[in-house]
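Given next are the chains, with one letter for each unit.
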Amino acid sequence: MNPHSAPRLPVLIIGAGLSGLAAARELGSRNSSVVIFEKARGVGGRLASRRLTDRSGSERSLDSGCTDFAARAPELGEFWSSEREARVLESGEDGRLRAVPAMTALPKKLARGFDVRLGDRVLKLTGSAGAWTLSTETGHTVTGRAVILSCPLPQSLGLLESLLLGAADRTHLESVRYLPEAVLLATASAQATPEQAALEGAHRLGAETAERLLALDEESALHAALRARGAQDPQAAMSGLLGVRLQRWRYSQVVAPLPESHLVVAPGVVVCGDAFLGDRGLEGVERAVLSGQAAARALSGP
Ligand SMILES: Cc1cc2nc3c(=O)[nH]c(=O)nc-3n(C[C@H](O)[C@H](O)[C@H](O)COP(=O)(O)OP(=O)(O)OC[C@H]3O[C@@H](n4cnc5c(N)ncnc54)[C@H](O)[C@@H]3O)c2cc1C
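Residues numbered from 1 in each chain as written. Predicted model: local features only at pLDDT ≥ 70, side-chain atom pairs only at ≥ 80, totals over all residues.

1. A short note on the overall build of the protein
Line of reasoning, step 1. A count of helical and extended segments in the protein gives 10 helices and 16 strands.
Line of reasoning, step 2. For 302 residues, the compact-globule estimate of 2.2 N^0.38 gives 19 Å, and the C-alpha radius of gyration of the protein, at 21 Å, lies within 12% of that figure.
Line of reasoning, step 3. Across the 302 residues in the protein, those meeting the buried criterion constitute 42%.
Line of reasoning, step 4. For the protein, the proportion of contacts with a sequence separation of at least 24, taken over those separated by at least 6, is 65%. (Helix = DSSP H or I, 4+ residues; strand = E, 2+ residues; numbered from the N terminus. Rg over C-alpha atoms; globule rule 2.2 N^0.38 Å. Buried ≥ 20, exposed ≤ 12 C-beta atoms within 10 Å, placed from the backbone. Contact = placed C-beta atoms within 7 Å.)

2. Some words on the site of the ligand
Line of reasoning, step 1. In the vicinity of the ligand, 37 residues are found, and the nearest of them are Gly 15, Gly 17, Gly 45, Glu 283 and Gly 284.
Line of reasoning, step 2. Those elements that place two or more of their residues in the shell around the ligand are α1 (18-29), β2 (34-38), α4 (153-160), β12 (178-188), β14 (241-254) and α10 (284-300).
Line of reasoning, step 3. Looking at side-chain class alone, the shell around the ligand contains 16 nonpolar, 12 polar and nine charged residues.
Line of reasoning, step 4. Built from parts of two domains, the shell around the ligand gets at least three residues from each of domain 1 (3-54 + 76-176 + 256-300) and domain 2 (179-253). (Near = placed C-beta within 6 Å. Nonpolar A, V, L, I, M, F, W, Y, C, P; charged D, E, K, R; others polar. Domains from an automatic or database assignment.)

3. Here we look at the environment of Ser 239
Line of reasoning, step 1. Looking at where Ser 239 falls in the secondary structure, it is placed in the loop between α9 (234-238) and β14.
Line of reasoning, step 2. Classification of Ser 239 as exposed rests on a count of 12 C-beta atoms within 10 Å.
Line of reasoning, step 3. Taking C-alpha positions, Ser 239 is 9.8 Å from Thr 193, a pair spaced 46 residues apart along the chain.

4. Section: the sheet that holds strand β16 (residues 269-271)
Line of reasoning, step 1. With respect to topology, six strands assemble into an open sheet ordered β7-β2-β1-β11-β16-β15, the strand pairing being mixed. What marks the edges here is a single partner per strand, and that holds for β7 (115-118) and β15 (263-266). Here the average twist between neighbouring strands, direction ignored, is 20°. (Pairing = 2+ DSSP bridges. Axes fitted to C-alpha atoms, helices over the stretch in contact; angles between N-to-C directions.)

5. Some points on the environment of Glu 90
Line of reasoning, step 1. Structurally, Glu 90 can be placed in strand β5 (residues 89-91).
Line of reasoning, step 2. In this structure the C-alpha to C-alpha distance between Glu 90 and Gly 45, which are 45 residues apart in sequence, comes to 20 Å.
Line of reasoning, step 3. Dropping the residues within four chain positions of it, Glu 90 is found in contact with Arg 84, Arg 98 and Val 100.

6. What about the sheet that holds strand β9 (residues 131-136)?
Line of reasoning, step 1. As summarised here, the arrangement of the three strands in space is β8-β9-β10, forming an open sheet in which the pairing is antiparallel. Two strands close off the open sheet at either side, each with one partner strand: β8 (122-128) and β10 (141-144). On average, adjacent strands in this sheet sit at an angle of 20° to one another, irrespective of strand direction.
Line of reasoning, step 2. Across four bridges, the pairing between β9 and β10 is antiparallel. The residue bridging Leu 134 from the neighbouring strand is Val 142, located in β10.

7. With respect to the nonpolar core
Inside soluble globular proteins, nonpolar side chains tend to come together where they are buried.
Line of reasoning, step 1. Residues Ile 13, Ile 14, Ala 23, Val 147 and Ile 148 are the most contacted members of the largest nonpolar core, which totals 65 residues.
Line of reasoning, step 2. For this core, the element with the highest residue contribution is α10, accounting for eight residues.
Line of reasoning, step 3. With sequence-adjacent residues up to four places away left out, Ile 148 is seen in contact with Val 11, Ile 13, Ile 14, Gly 20, Ala 23, Val 270, Cys 272 and Ala 295. (Core = buried A, V, L, I, M, F, W, Y, C linked by C-beta atoms within 7 Å.)

8. Some thoughts on α10
Line of reasoning, step 1. Taking 1.5 Å of rise per residue, 17 residues should cover 24 Å, and α10 covers 24 Å from first to last C-alpha, within 8% of that figure.
Line of reasoning, step 2. Burial within α10 is extensive, with 14 of its 17 residues counted as buried. (Expected span 1.5 Å × (residues − 1).)

9. Notes on unusual backbone geometry
Line of reasoning, step 1. Note the cis peptide between Val 100 and Pro 101, where omega equals 0°.
Line of reasoning, step 2. For Arg 87, which is not glycine, the phi dihedral falls at a positive 60°.
Line of reasoning, step 3. The topology assignment puts Arg 87 in the loop between α2 (77-85) and β5.
Line of reasoning, step 4. We classify Arg 87 as exposed; it has 11 C-beta atoms within 10 Å.
Line of reasoning, step 5. The backbone of Leu 277 sits at a positive phi, close to 60°, despite the residue not being glycine.
Line of reasoning, step 6. If you trace the backbone, Leu 277 turns up in the loop between β16 and α10.
Line of reasoning, step 7. Classification of Leu 277 as buried rests on a count of 25 C-beta atoms within 10 Å.

10. Overview of the domain arrangement of the protein
Line of reasoning, step 1. According to the domain assignment, the protein consists of domain 1 (3-54 + 76-176 + 256-300) and domain 2 (179-253).
Line of reasoning, step 2. Measuring from the centre of the C-alpha atoms in domain 1 to the corresponding centre in domain 2 gives 30 Å.
Line of reasoning, step 3. At the interface, nine residues of domain 1 touch 10 residues of domain 2.
Line of reasoning, step 4. Among the elements that make up the side of domain 1 that touches domain 2, the one with the highest residue count is strand β3 (residues 49-53) (three residues).

Below, the structure written as structure tokens:
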């Protein structure tokens, strides 16, 4: 076979959060083909929403992760403006950006046109320079010329086990800590008591409570979350709610992100995400986008 006619292998991206999607967009703009693997049923990672029935009988989307973010990085000005023009983002009175109708609108828009394999968790990464293979939970194996890992670092580190990651890189990546978070979502019925009605909306419970809730089974965690929001009797509180969900995040926000924009851990294997660009005074969303773009550039040149 003429080697020049062989199709170029794609870049494989693990994670369809904002960093993975930003990397995909950057590579796509350079005509690199990309395949994205996402363990969840939808794109967005920590930009997530859940649909609950409200008292009018219609479905209401509540954000269960990040609800808005600051736009501070000058190099992302155009990126955010184009999403504002497309009416995917709007600016609040506080100058912070939020996606409409829910935060997932942003990742859904960024993922458009890409080959995203949803509900397919990557279990293993093997190979060597130029040919890296991912094995997934659904039994697929896919080979690419390079791999971008965009998961929270403890999850990326698990996948790098088989690569004999250098000890210095491992220690460096392991040094990053994340705060947990829990978000209680509820819609109240028309008959709700004032105590039950006060539970309506999306409520962040904080890292300390989240740590406790992560150790509990689903039902006990939900009851504990309702108590944390002031419900004396969780079972009684639920009788006045039309919908109630608890989202627990083991990795919510990074405590002290690393200063660099990404890390190349083997030829063609790059780690990125909101754990990077810690010296810029940016929030997680902007760090994730910039880090994803930097990871893509590391593979395709400036
Ligand atoms: C409650 C909450 C509030 C927040 N508030 C703010 C805020 O005010 N401002 C701000 O800027 N940021 C905020 N953030 C943080 C912000 O959401 C994150 O910094 C950003 O979304 C991270 O994007 P990411 O792509 O780096 O990671 P993620 O969004 O975590 O994406 C990683 C993706 O990888 C997937 N994945 C993991 N392992 C695998 C695997 N083995 N195979 C396939 N897929 C895998 C995950 O499912 C996930 O979709 C908040 C986050 C939370 C949870």
